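Residues per chain are reported as follows:
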Amino acid sequence: MTIVKELTLINKYGMHIRPATALAVVCQKYNSDIKVENAGNSVSGKSVLALMTLEAPVGTVLTFTATGDDADLALAEIEELIANHFGIADE
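None of these values were measured; they are calculated from a predicted model.

The rules behind each value
- Counting starts from 1 at the beginning of each chain's written sequence and moves along it residue by residue.
- Only residues with pLDDT of at least 70 get local features here, since the model is predicted, and only at 80 or more are side-chain atom pairs given and counted; chain-wide, interface and lining totals rely on the full set of residues.
- By convention in this description, side-chain values take in all heavy atoms of the structure and omit both hydrogens and water.
- Labels follow the DSSP assignment, with helices taken as runs of H or I lasting at least four residues and strands as runs of E lasting at least two, numbered in each case from the N terminus.
- Here, expected helix span is obtained from the residue count minus one, scaled by 1.5 Å.
- Between buried and exposed lies partly exposed: a residue is buried under 20% and exposed over 50% of the maximum accessible area for its type, with that area taken using a 1.4 Å probe on protein chains only.
- It is the directions from the helix axis to the C-beta atoms that the arc portrays.
- Paired strands, as defined in this entry, are two strands with at least two bridges between them according to DSSP.
- Whenever a helix is involved, its axis is fitted only over the stretch in contact; in every case the axis is a line through C-alpha atoms, and angles between N-to-C directions fall within 0 to 180 degrees.
- Contacts: residue pairs with any heavy atoms within 4.5 Å of one another.
- When an angle is under 35 degrees it counts as roughly parallel; over 145 it counts as roughly antiparallel; between 65 and 115 it counts as roughly perpendicular; any other value is oblique.
- Here a crossing is taken to be left-handed if its near helix is turned anticlockwise relative to the far helix by less than a right angle, and right-handed if that turn runs clockwise.
- Gly is put with the polar residues, along with every residue not named as nonpolar or charged; the nonpolar set is Ala, Val, Leu, Ile, Met, Phe, Trp, Tyr, Cys and Pro, and the charged set is Asp, Glu, Lys and Arg.
- Whenever Lys or Arg places a side-chain nitrogen within 4 Å of a carboxyl oxygen from Asp or Glu, that contact is recorded as a salt bridge.

A.B. asks: Help me understand helix H3 (residues 71–83) in this model?
C.D. replies: Between its first and last C-alpha, H3 extends 18 Å over 13 residues, near the 18 Å set by a 1.5 Å rise per residue. Considered for burial, the residues of H3 that qualify are Ala71, Ala74, Leu75, Ile78, Leu81 and Ile82. All buried residues of H3 project into a common sector of 120° when viewed along the axis, lining one side. Turned more than 90 degrees away from the buried face of H3, the exposed residues are Leu73 and Glu80.

A.B. asks: Would you mind showing me how to read the sheet that holds strand S2 (residues 33–38) here?
C.D. replies: Pairing between sheet strands relies on hydrogen bonds along the backbone, with the strands arranged either parallel or antiparallel. Judged by pairing direction, the sheet is antiparallel, and its four strands sit side by side in the order S1-S4-S2-S3 without closing on themselves. Edge positions in the sheet fall to strand S1 (2–8) and strand S3 (41–44), since each has one partner strand and no second. Neighbour-to-neighbour, the strand axes of the sheet open up by a mean angle of 25°, direction not taken into account. By the bridge criterion, five bridges tie S2 to strand S4 (residues 61–67) in an arrangement that is antiparallel. Bridge pairing in S4 links Lys35 to Thr65. The strands touched by H3 are S1, S2 and S4; relative to S1, the strand with the most contacts, the crossing angle is about 5°.

A.B. asks: When you look at the packing of helix H1 (residues 17–28) against H3 in this model, what are you seeing that I'm missing?
C.D. replies: Helix-helix packing: each pair is described by the crossing angle between the helix axes and the interaxial distance. Running from amino to carboxyl end, H1 crosses H3 at an angle of 160°, the nearest separation of the two axes being 10 Å. As judged from the angle between their axes, H1 and H3 are roughly antiparallel. Every pair of crossing elements has a handedness; the one defined by H1 and H3 is right-handed. Here Ala22, Leu23, Val26 and Cys27 of H1 lie close against H3, whose contacting residues are Glu77, Ile78 and Leu81. Broken down by class, the residue content of the contact of H1 with H3 amounts to six nonpolar, no polar and one charged.

A.B. asks: Whenever I open this one, the pattern of salt bridges confuses me. Can you help?
C.D. replies: It is possible for side chains bearing opposite charge to pair when their charged atoms get close. Applying the stated criterion to the full structure yields two salt bridges. Residue Glu79 is joined to Lys5 by a salt bridge in which the shortest nitrogen-to-oxygen separation is 2.8 Å. Here the residue Glu79 occupies a position in helix H3, and Lys5 occupies one in strand S1, the gap between them amounting to 74 residues. Its relative accessible area of 28% is what places Lys5 among the partly exposed residues. A salt bridge links Lys29 to Glu77; its shortest N-O distance comes to 2.8 Å. Pair noted here: Lys29 is in the loop between H1 and S2 and Glu77 is in helix H3, with a separation of 48 residues, a long-range link. Note on Glu77: relative accessible area 23%, which makes it partly exposed.

Have a look at this one:
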């Protein structure tokens, strides 16, 4: 199964090292292939360094594509992570 979802970064500083790490940790829990895209640049959600290349400040709409048996679970957890400011108190 493949699921595509657009999610907006609402945390104060966008995609920097701490959110990228939190996102990669969540993505690594799932067997699905998870791609994150911004402005035509598509990277693996499981790679902190790749996520850092997205240049995504607050307000950026990222496109997440999850392909695999647990794609729905992965995207649900990613959506919750972003809604909760990546679990970072000052974000």
